[in-house]
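Here is how the chains run, residue by residue.
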Amino acid sequence: MGAWRLRLFYFVYFSALGLYLPLFPRWLEAHAGGESTRRGLAILVLVPLAELLSPVAVGTLADRLGLRSGLVRIAAAVAGLATVAITFVALSPSLAELRVVLLSVFLFLFALARSPIAGLADVLAQEHAARR
């Protein structure tokens, strides 16, 4: 991965994270169909749980297979698709009965995909710096 790609990646990643972290809980509250606070908190608890599990598993896989760059791309694509799915579920009136379950599943998938991305990118950046 070239230096310009790493710079672009870090810019996009941290820009998206800067929008997501402060605004997502409020957006979820406004668009989740009036679910109770307990249900909303239960959904948001999935993010730290995924952040405990995913980086270790994906990092081990990346080290064994040597596919760090490919895994960053796959994880970013899965996180992007999960974001689209979360938006669709939250805004779709026909999914009102399944909304909490679907939001939980897609948010957990999003967190599983998002959490190892920065660590893998840091390793790629260090490898790039070592080559220079």
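It should be emphasised that the depicted structure is a prediction, and the values quoted were computed from it without experimental measurement.

**Q** Tell me about the overall build of the protein chain, and name the residues and values.
**A** Looking only at helices and strands, one finds five helices and zero strands in the protein chain. The order of α-helices and β-strands along the protein chain, N terminus first, is α-α-α-α-α. Counting only residues that meet the buried cut, the protein chain has 33% of its 132 residues in that class. A separation threshold of at least 6 residues defines the contact pool for the protein chain, and within that pool the share at least 24 residues apart is 79%. As displayed, the protein chain has an accessible area near 8200 Å², and 69% of this comes from carbon and sulfur atoms.

**Q** Lay out helix α4 (residues 99–114) with the relevant residues and their values.
**A** Given a rise of 1.5 Å per residue, 16 residues ought to cover 22 Å, and the 22 Å separating the end C-alpha atoms of α4 matches this to within 8%. Every buried residue of α4 is accounted for by Arg99, Leu103, Ser104, Leu107, Phe110, Ala111, Ala113 and Arg114.

**Q** Explain the confidence of the model for the protein chain to me, using residue names and the numbers behind them.
**A** Chain-level statistics for the protein chain give a pLDDT mean of 81 and a share of 87% at 70 or above. Of all secondary-structure elements in the protein chain, the lowest mean pLDDT belongs to helix α1 (residues 3–31), at 78, while helix α3 (residues 68–91) reaches the highest, 88.

**Q** Outline the packing of aromatic side chains, supporting the account with residue identities and numerical values.
**A** Scanning the entire structure with this criterion turns up four aromatic pairs. Taken together, a centroid distance of 5.5 Å and an interplanar angle of 20 degrees make the contact between Phe9 and Tyr13 stacked. Of this pair, Phe9 and Tyr13 both sit in helix α1, four residues apart, roughly one helical turn. One aromatic cluster in this structure is built from Phe9, Tyr10, Tyr13 and Phe14.

**Q** I'd love a proper account of the layout of surface pockets, names of residues and values included.
**A** Gaps left between atoms are located by rolling a probe of water-molecule size over the structure's atoms. For the largest pocket, the calculated volume is near 590 Å³. Together, 22 residues line the largest pocket, and Ala16, Leu17, Ala79, Thr83 and Phe110 are the ones closest to its centre. For the lining of the largest pocket, the elements supplying multiple residues, two or more each, are α1, α3 and α4. At twelve residues, α1 tops the list of elements feeding residues into the lining of the largest pocket.

**Q** Just give me the short version of the pattern of salt bridges, but keep the residues and values in it.
**A** Applying the stated rule across the entire model yields three salt bridges. Note that Glu51 is salt-bridged to Arg114, the shortest N-O span being 2.0 Å. Highlighted residues: Glu51 in helix α2 (residues 37–65) and Arg114 in helix α4, separated in sequence by 63 residues. On the accessibility criterion, Glu51 (33% relative accessible area) is partly exposed. The partner of Arg68 in a salt bridge is Asp63, with the nearest N and O atoms 3.0 Å apart. With relative accessibility at 19%, the residue Arg68 sits in the buried group. A single network of salt bridges, built from pairs that share partners, joins Asp63, Arg68 and Glu127.

Reading the values: the criteria
- Residues numbered from 1 in each chain as written.
- Predicted model: local features only at pLDDT ≥ 70, side-chain atom pairs only at ≥ 80, totals over all residues.
- Heavy atoms only, no water.
- Helix = DSSP H or I, 4+ residues; strand = E, 2+ residues; numbered from the N terminus.
- Buried < 20%, exposed > 50% of the residue type's maximum accessible area, 1.4 Å probe, protein only.
- Contact = heavy atoms within 4.5 Å.
- Areas by Shrake-Rupley, 256 points an atom, 1.4 Å probe, with all protein chains shown as cover.
- Expected span 1.5 Å × (residues − 1).
- pLDDT = per-residue confidence, 0-100.
- Phe/Tyr/Trp six-rings, centres within 6.5 Å; stacked < 30°, edge-to-face > 60°.
- 1 Å grid on protein atoms, 1.4 Å probe; cavity = no way out; pocket = protein on both sides within 12 Å on 5 of 7 lines; lining within 4 Å.
- Points joined across faces, edges and corners; volume = space filled by probe spheres on them.
- Salt bridge = Lys/Arg side-chain N within 4 Å of Asp/Glu carboxyl O.

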